[in-house]
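Observations on chain architecture
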Amino acid sequence: MVRKNSNLKDLYSFIEDFVGPSGKEVFKLLAHSPKELLDDDIVKKTGLDEQEVRRILYELHNIGLVTYKKLRNPEDSRYIYYWRVDASRLNHVLLQRKKAVLNKLKERLKFEEENTFFKCPIDGVRLTYDEALENDFKCPRCGGELEMDDNTEIKEKLRKIIKELEEEVEREEKLIGGS
Ligand SMILES: [Zn+2]
């Protein structure tokens, strides 16, 4: 069972993108289940067909989000699989995603710091100095006069978010022992 986590929502949308909506459903079921689940349990609880459930489990396993224990069924000596969320691995995946977001924000801040911006007061089109120069300081969409855009506030906001996220990443790295 996975503890409630504010990052889970983010993870759910990630799974939805990569494995599909039913992938999210299966993962959610496993994440909230207090015990390991058999393929059959998952089929019954989600109403998805067997093949779809197997495909999803295989893909979730590939990303490293779920893991299984394999036991031989004493009745027909076939293997049965007990599935569960790989909680330690899950924390690593979440941390990696957070770091990727952090890097994007840092790049964005750098871009804001290294450029001067011009903005169209009519439709909000925003250009760098070089782009504005190429367009004779006219808006490429409506032809209006571009005005200098003060990005102090944007930079301050970005710095604040980056700082918070950095502290979060640092805390989590300490908790789960880095990556
Ligand atoms: Zn315009």
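Just so it is clear, the structure is predicted and the values come from calculations on it, not from any experiment.

1. Examining the pairing of strand β2 (residues 66-72)
- Across seven bridges, β2 lies against strand β3 (residues 79-85) in antiparallel orientation. Paired with Val66 across the bridge in β3 is Val85.
- Between β2 and β3, which pair antiparallel and follow one another directly, the connecting turn spans six residues, one of which, Ser77, has a positive phi of 55°.

2. Quick word on the packing of helix α2 (residues 21-32) against helix α4 (residues 50-63)
- The geometry of α2 relative to α4 is characterised by a closest axis approach of 10 Å and an angle of 75° between their N-to-C directions. With respect to α4, the element α2 is oriented roughly perpendicular. Contacts between α2 and α4 involve Ser22, Gly23, Val26 and Phe27 from the first element and Glu52, Val53, Ile56, Leu57, Glu59 and Leu60 from the second.
- Counted by class, the contact of α2 with α4 contains six nonpolar, two polar and two charged residues.

3. Re the sheet that holds strand β5 (residues 126-128)
- Ordered in space as β5-β4-β6, the three strands form an open sheet in which the pairing is antiparallel. Of all strands in the sheet, those with a lone pairing partner are β5 and β6 (147-149), marking the two edges. Between one strand and the next, the sheet's axes are offset by a mean angle of 40°, whatever the strand orientation.
- In this sheet, β5 lies alongside strand β4 (residues 117-119) in antiparallel orientation, the contact comprising three bridges. Directly across from Phe117, in β5, lies its bridge partner Thr128.

The rules behind each value
Residues numbered from 1 in each chain as written. Predicted model: local features only at pLDDT ≥ 70, side-chain atom pairs only at ≥ 80, totals over all residues. Pairing = 2+ DSSP bridges. Helix = DSSP H or I, 4+ residues; strand = E, 2+ residues; numbered from the N terminus. Axes fitted to C-alpha atoms, helices over the stretch in contact; angles between N-to-C directions. Parallel < 35°, antiparallel > 145°, perpendicular 65-115°, else oblique. Contact = placed C-beta atoms within 7 Å. Nonpolar A, V, L, I, M, F, W, Y, C, P; charged D, E, K, R; others polar.

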